[in-house]
Amino acid sequence: MNEKQKKLTFIDLFSGIGGFRLGMEKAGHICLGHCEIDKFAEKSYRAMHNMKKGEWYAEDITKIRAEELPKVDCWCFGFPCQNISVAGAKEGLQGKQSRLFFEVIRLLTETKEENKPEWLFLENVRNLLSIEKGFDFAGIPIALDKVGYDAEWQVLDSATFGVPQHRERLYIIGHLRGKSNIKIFPVPPKTQSGTIRHIGYRVFDKNGISPTIMTHSSGKYNIRVLNEKEKTVRRLTPKECFRLQGFSDDCFEKVKAVNSNFQLYKQAGNSVTVNVIYEIAKRIGI
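Just so it is clear, the model here is predicted, and its values are computed rather than measured.

Caption draft 1: Structural view of the overall build of the protein chain. Summing up its helical and strand segments, the protein chain has 8 helices and 10 strands in all. When burial is assessed residue by residue, the protein chain has 52% of its 286 residues classed as buried. When the accessible surface of the protein chain is split by element, carbon and sulfur atoms take 52% of a total near 13,700 Å².

Caption draft 2: Structural context of the pairing of strand β9 (residues 224-227). The pairing of strand β8 (residues 203-204) with β9 spans 2 bridges and is classified as parallel. Paired with F204 across the strands is V225, a residue of β9. Remark: 4 residues form the turn of the hairpin made by β9 and strand β10 (residues 232-235), two consecutive strands paired antiparallel; K231 in that turn has positive phi of roughly 55 degrees.

Caption draft 3: Structural view of the sheet that holds strand β2 (residues 30-35). One open sheet holds the 7 strands; their spatial order is β3-β2-β1-β4-β5-β7-β6, and the pairing between them is mixed. Single-partner strands in this sheet number two, and they are β3 (56-58) and β6 (149-157). Pairs of neighbouring strands in the sheet enclose a mean axial angle of 20 degrees, with direction left out of account. Sheet topology places strand β5 (residues 119-125) next to strand β7 (residues 168-176); 7 bridges connect them, and they run antiparallel. Bridging across to β7, E123 finds its partner in Y171. Sitting on the sheet, helix α1 (residues 19-26) is in contact with β1 (9-13), β2, β4 (74-77) and β5, with an inclination near 165 degrees to β1. Of the strands in this sheet, β5, β6 and β7 touch helix α4 (residues 135-146), which is tilted by about 145 degrees from β6.

Caption draft 4: Structural context of the packing of α1 against helix α8 (residues 274-281). At a minimum axis distance of 8 Å, the contact between α1 and α8 shows a crossing angle of 45 degrees. On the basis of their axis angle, the class for α1 and α8 is oblique. Judged by the sense of rotation from one axis to the other, the crossing of α1 with α8 is right-handed. Residues G19, F20, L22, G23, M24 and K26 of α1 pack against V274, I277, Y278 and A281 of α8. For the contact of α1 with α8, the residue count by class is 7 nonpolar, 2 polar and 1 charged.

Caption draft 5: Region of interest: the layout of surface pockets. Put simply, the second largest pocket is a space of about 250 Å³. For the second largest pocket, the lining is made up of 15 residues, of which P164, K206, S210, L236 and L244 are closest to its centre. Per-element accounting of the lining of the second largest pocket gives the leading share, 3 residues, to helix α5 (residues 238-244).

Caption draft 6: Highlighting the sheet that holds β8. Ordered by their spatial adjacency, 3 strands build an open sheet running β8-β9-β10, and the pairing between neighbours is mixed. Strands with a single pairing partner mark the edges of an open sheet, and in this sheet they are β8 and β10.

Caption draft 7: Broad picture of the nonpolar core. Counting residues in each nonpolar core, the largest one holds 30 residues, and the members touching the most others are L13, W75 and F77. If one sorts the elements of this core by residue count, helix α3 (residues 101-110) sits on top with 5 residues. Within the second largest apolar cluster, 25 residues are counted, among which are C74, C76, I173 and F185.

Caption draft 8: Molecular detail of the packing of aromatic side chains. A complete count under the given rule lists 6 aromatic pairs for this structure. Aromatic pair F101 and F102: ring centres 5.1 Å apart, planes at 75 degrees, arrangement edge-to-face. Using a relative accessible area of 0% as the deciding quantity, one classes F101 as buried. The partly exposed category is assigned to F102, whose relative accessible area is 32%. Connected via pairs of aromatic rings, a cluster forms that spans F242, F247 and F252. The ring centre of Y278 lies 4.5 Å from the NZ or CZ of K26, which sits over that ring. It is R46 that lies over the ring of Y57; its NZ or CZ is 4.9 Å from the centre.

Cut-offs applied
Residues numbered from 1 in each chain as written. Predicted model: local features only at pLDDT ≥ 70, side-chain atom pairs only at ≥ 80, totals over all residues. Heavy atoms only, no water. Helix = DSSP H or I, 4+ residues; strand = E, 2+ residues; numbered from the N terminus. Buried < 20%, exposed > 50% of the residue type's maximum accessible area, 1.4 Å probe, protein only. Areas by Shrake-Rupley, 256 points an atom, 1.4 Å probe, with all protein chains shown as cover. Pairing = 2+ DSSP bridges. Axes fitted to C-alpha atoms, helices over the stretch in contact; angles between N-to-C directions. Contact = heavy atoms within 4.5 Å. Parallel < 35°, antiparallel > 145°, perpendicular 65-115°, else oblique. Left-handed = near helix turned anticlockwise from the far one by under 90°. Nonpolar A, V, L, I, M, F, W, Y, C, P; charged D, E, K, R; others polar. 1 Å grid on protein atoms, 1.4 Å probe; cavity = no way out; pocket = protein on both sides within 12 Å on 5 of 7 lines; lining within 4 Å. Points joined across faces, edges and corners; volume = space filled by probe spheres on them. Core = buried A, V, L, I, M, F, W, Y, C linked by side-chain atoms within 4.5 Å. Phe/Tyr/Trp six-rings, centres within 6.5 Å; stacked < 30°, edge-to-face > 60°. Lys NZ or Arg CZ within 6 Å of the ring centre and 35° of its normal.

Rendered as structure tokens:
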């Protein structure tokens, strides 16, 4: 950690398997709790992370009240993208899952001024910028403004942060007005992105850059690579998908012990890329 950087406390909302947590903790920040409704993701989260005794946990964000939340410096959340992504239903922020963003706004509205987090750290798909002709995205800084936050954002590709996966995601930082005014973006790339090299439909060169892994990577849309030695084609393994998201093999072995391959593919596709979270987290709190 930069010696001028403050150690922040944070909570992990819509936590999934905890990619935000790993990146934030690697940067020296301290998790005080999380919220996750998917029982399989929750099993992986608990298997992977060293949760402290008495750490705050909630299952359903719609049932949380502000007074139940621990007071922290930062709220992290990659709110559901099912209604926003190119592969999704494209209902936008009013869709059943993606409108859960407004549950966070509700909680911020209910939170006393002295208990509001100084930082908000959001992630979602790049398509959020263009769905509904951009009106949905415009609603996010407007909603944040109403609860006292100024926003900045940047699209970052995981392939430029040390993992061979082309994954463009939108990252948003909310600054509590009057407290946090240090700009986080732009975050410069750490590496060159490389190129995606096809060998036929959905078959890719194992020495190239992977396309974006998705939640249904175990199905007919799975990413396949050529085994040159045996002249065969195989799909990516769950361990490879976790590696493409910046998870260590040690983390993978812990979650493999508690979940099926189907769930592991889904969890990797739903996660944030740990490397990118870490690079942004290093800049928060300076």
